[in-house]
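Spelled out, the chains give:
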Amino acid sequence: MNPCVEFVPINIEGKTGIDVVIHSEEATLADYLSALEEYIERGTYQRVRAETGKCEGCDVCCQERVPLTSLDVLVLQKGLAPGLPLGEFFKRFTNVCVSGPVVDITLARQSDEKCIFLNRETRRCLNYNERPLVCRTYICTPLAPRARKLRDTIVNTGEDELVRLWFRSSVKDGLVIHEAWDPEINEEDWSENAWTGKITPQQVYLKDIVPSSLWNELYEKGE
Ligand code: SF4
Ligand code: SF4
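What you see is a predicted model; the values in this text were computed from it and never measured.

Turning our attention to the nonpolar core. Note on soluble globular proteins: their nonpolar side chains tend to be buried together. With 58 residues, the main nonpolar core has Val 5, Phe 7, Leu 29, Tyr 32 and Trp 166 as its most contacted residues. It is helix α5 (residues 145-173) that provides the largest number of residues to this core, a total of 9 residues. Among residues more than four places away in sequence, those in contact with Trp 166 are Phe 90, Val 96, Val 98, Val 103, Ile 105, Leu 175, Val 176, Ile 177 and Ile 185.

Below, the structure is given as structure tokens:
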């Protein structure tokens, strides 16, 4: 068990879902990921969307939008196409949609709306070890409100940092945009955050990401 982040079962409207508690002010994104992956593997909860009762061989959530964080793109770029300029990476592996002031960068999908990394026959991820944070942290079970807020905050702050990377990647070849609806974007709207300059989840501290009100809900001092 991870001593910094603990996932526990909780009853939500008659279903066994998942709650989370943070036990250390030094808890990192890496602690969150390893504790959640272990819980998904061995913990007690009910999957509510599974076709087969397990994730292996189920592709229900691989047909949905996969927002990317800055660390996801750095990991995928290193694994899939080392040396490929970031702008080219965005072009080939993502979908960048700009709507007014909003920038949405997601993993590319094919014309059947399924993820580019999904093996259609086996229904398995072709890039499992490097799958994005959203894939690693999603499980189709009810989440306690604070567990949902924590996941949303992690994903949203990581997405914001990716937009900063996307702006920077444009210096040489211009911005990569796949879809645009009245774009009105301004780089200054994305200020630095706790993800800035970080290249591994061990460097991202949860306390630096979450607002203090949410931290107070999540933190219970460990033994
Ligand atoms: S989390 Fe996704 S892959 Fe796993 S059982 Fe639920 S819908 Fe299927
Ligand atoms: S990266 Fe893998 S796990 Fe994530 S949506 Fe694509 S196929 Fe599914």
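Having seen the model, we can carry on.
A few words now on the sheet that holds strand β7 (residues 179-181). An order of β4-β3-β7 is seen for the 3 strands of this open sheet, with the pairing classed as mixed. For this open sheet the edge positions go to β4 (102-107) and β7, each flanked by a neighbour on one side alone. Strand after strand, the sheet turns through a mean of 10° between neighbouring axes, direction not considered. Two elements, strand β3 (residues 94-99) and β4, share 6 bridges in a ladder whose sense is antiparallel. Residue pairing for β4: Thr 94 is matched across the bridge by Leu 107. Across the face of the sheet, α5 comes into contact with β3 and β4 while running at roughly 95° to β4.

In the vicinity of ligand 1, the contacting residues are Arg 47, Ala 50, Lys 54, Cys 55, Cys 58, Val 60, Cys 61, Tyr 138, Ile 139 and Cys 140. Cavity membership is defined here by more than half of the atoms lying within 2 Å of grid points; on that basis ligand 1 lies in the largest pocket. Each residue belonging to the shell around ligand 1 can be placed in one class, and the counts come to 8 nonpolar, no polar and 2 charged.

Estimated volume of the largest pocket: approximately 1300 Å³. What lines the largest pocket is a set of 48 residues, among which Cys 55, Cys 61, Arg 131, Cys 135 and Tyr 138 lie closest to the centre. When the residues that make up the lining of the largest pocket are grouped by side-chain class, the tally is 29 nonpolar, 4 polar and 15 charged. Roughly 250 Å³ of internal volume is contained in the second largest pocket. Looking at the second largest pocket, it is lined by 18 residues, and the ones nearest its centre are Leu 33, Asp 72, Val 75, Arg 131 and Arg 136.

Thresholds applied
Residues numbered from 1 in each chain as written. Chains lettered and ligands numbered in written order. Predicted model: local features only at pLDDT ≥ 70, side-chain atom pairs only at ≥ 80, totals over all residues. Heavy atoms only, no water. Core = buried A, V, L, I, M, F, W, Y, C linked by side-chain atoms within 4.5 Å. Buried < 20%, exposed > 50% of the residue type's maximum accessible area, 1.4 Å probe, protein only. Helix = DSSP H or I, 4+ residues; strand = E, 2+ residues; numbered from the N terminus. Contact = heavy atoms within 4.5 Å. Pairing = 2+ DSSP bridges. Axes fitted to C-alpha atoms, helices over the stretch in contact; angles between N-to-C directions. Near = heavy atom within 4 Å. 1 Å grid on protein atoms, 1.4 Å probe; cavity = no way out; pocket = protein on both sides within 12 Å on 5 of 7 lines; lining within 4 Å. Sits in = over half its atoms within 2 Å of the grid points. Nonpolar A, V, L, I, M, F, W, Y, C, P; charged D, E, K, R; others polar. Points joined across faces, edges and corners; volume = space filled by probe spheres on them.

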